[in-house]
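Below, each chain spelled out in residue letters.
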Amino acid sequence: MVFVKGPGLYPDIGKKARDLLYKDYQGDQKFTLTTFSSNGVAITSSGTKKGDLFLADVNTNLKNKNITTDVKVDTKSNVYTTITVDEPAPGVKAIFSFVAPDQKSGKVELQYLHEHAGISTSLGLTAKPIVNFSGVAGNQKASFGTDISFDTATGNFTKCNVGISFTATDLIASLALNDKGENVTASYFHSVSPFTNTAVGAELTHSFSSNENTLTFGTQHSLDALTSIKARVNNFGKASGLIQHEWRPKSLITISGEVDTRAIEKSAKIGLALALKP
């Protein structure tokens, strides 16, 4: 899709802070291998070890002009199919997805990006579908959006979120009211040095039902062009860190760990992710 300088879609609100605080952290062992066939099909095989449980899947990706087809098969014999049509009309992306053998999983989604708006609407392909609508209005500096889901079978709203985002030269702040007003989340992302990819961020979530607060701080820094580190800590005493190294182009090894500082006698959680791509 042609890049449009605008507010983006609703999931983009607070995304920078979420990526800083949560992306690439894991406590499992994961291996991913991507290969390419002679006709351009990308085949990605992945396996994840969660304790004594081993999960695996194989994903194929085929691009033909403006149509991309993704098919993934997992260890439970589920087949996930996603067909994406890029730019059937200016600024529009169409996405059709379904999971076999689940006959009620079919969904069609339309996305539209404009200089001052970003709209996404989806419809389940059933007799009484779930309808989702999200829209963002604004520009690159300030935006306001909402994300709503309506179940036509029960006549109830299953999701109702609103969010607002402000962007300055090196700072992004956002505020979101989620879960039908049950939770409020405020976050910020501050780019300290673009040259070393150094940034800090924080997220505060308050639950009105439990009156509980969750506060998480995080930072990231690139040691060199191929190696980066991240760290985070929350108000419950959970401290995490990771180091990621690109040992060859597009091939990454990530080692992450988490320790409970309030129960230091417990073993630390160690995660390892290896992604190989030719």
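Whatever comes next refers back to the structure up there.
If you're wondering where the values come from, they're calculated on a predicted model, not measured in any experiment. (Residues numbered from 1 in each chain as written. Predicted model: local features only at pLDDT ≥ 70, side-chain atom pairs only at ≥ 80, totals over all residues. Heavy atoms only, no water.)

A.B. asks: Residues and numbers for the overall build of the chain, please.
C.D. replies: Within the chain one finds one helix and 19 strands. Over its C-alpha atoms the chain spans a radius of gyration of 21 Å, differing by no more than 12% from the 19 Å that the globule rule assigns to 278 residues. Reported as C-alpha extents along the three principal axes, the dimensions of the chain are approximately 55 × 50 × 40 Å. Taken over 278 residues, the chain has a buried fraction of 33%. Across the chain, every contact between residues at least 6 apart in sequence was considered, and the portion connecting residues at least 24 apart equals 27%. (Helix = DSSP H or I, 4+ residues; strand = E, 2+ residues; numbered from the N terminus. Rg over C-alpha atoms; globule rule 2.2 N^0.38 Å. Buried < 20%, exposed > 50% of the residue type's maximum accessible area, 1.4 Å probe, protein only. Contact = heavy atoms within 4.5 Å.)

A.B. asks: Tell me about the layout of surface pockets, residues and numbers included.
C.D. replies: Approximately 960 Å³ is the volume found for the largest pocket. As for the largest pocket, its lining consists of 44 residues, of which Asp12, Lys15, Lys16, Ile172 and Phe189 are closest to the centre. A total of four residues in the lining of the largest pocket trace back to one element, the largest contributor, which is helix α1 (residues 15-22). The calculated volume of the second largest pocket comes to roughly 450 Å³. The greatest single-element share of the lining of the second largest pocket, amounting to four residues, is contributed by strand β12 (residues 171-178). The residue inventory of the lining of the second largest pocket, partitioned by class, reads seven nonpolar, eleven polar and five charged. (1 Å grid on protein atoms, 1.4 Å probe; cavity = no way out; pocket = protein on both sides within 12 Å on 5 of 7 lines; lining within 4 Å. Points joined across faces, edges and corners; volume = space filled by probe spheres on them. Nonpolar A, V, L, I, M, F, W, Y, C, P; charged D, E, K, R; others polar.)

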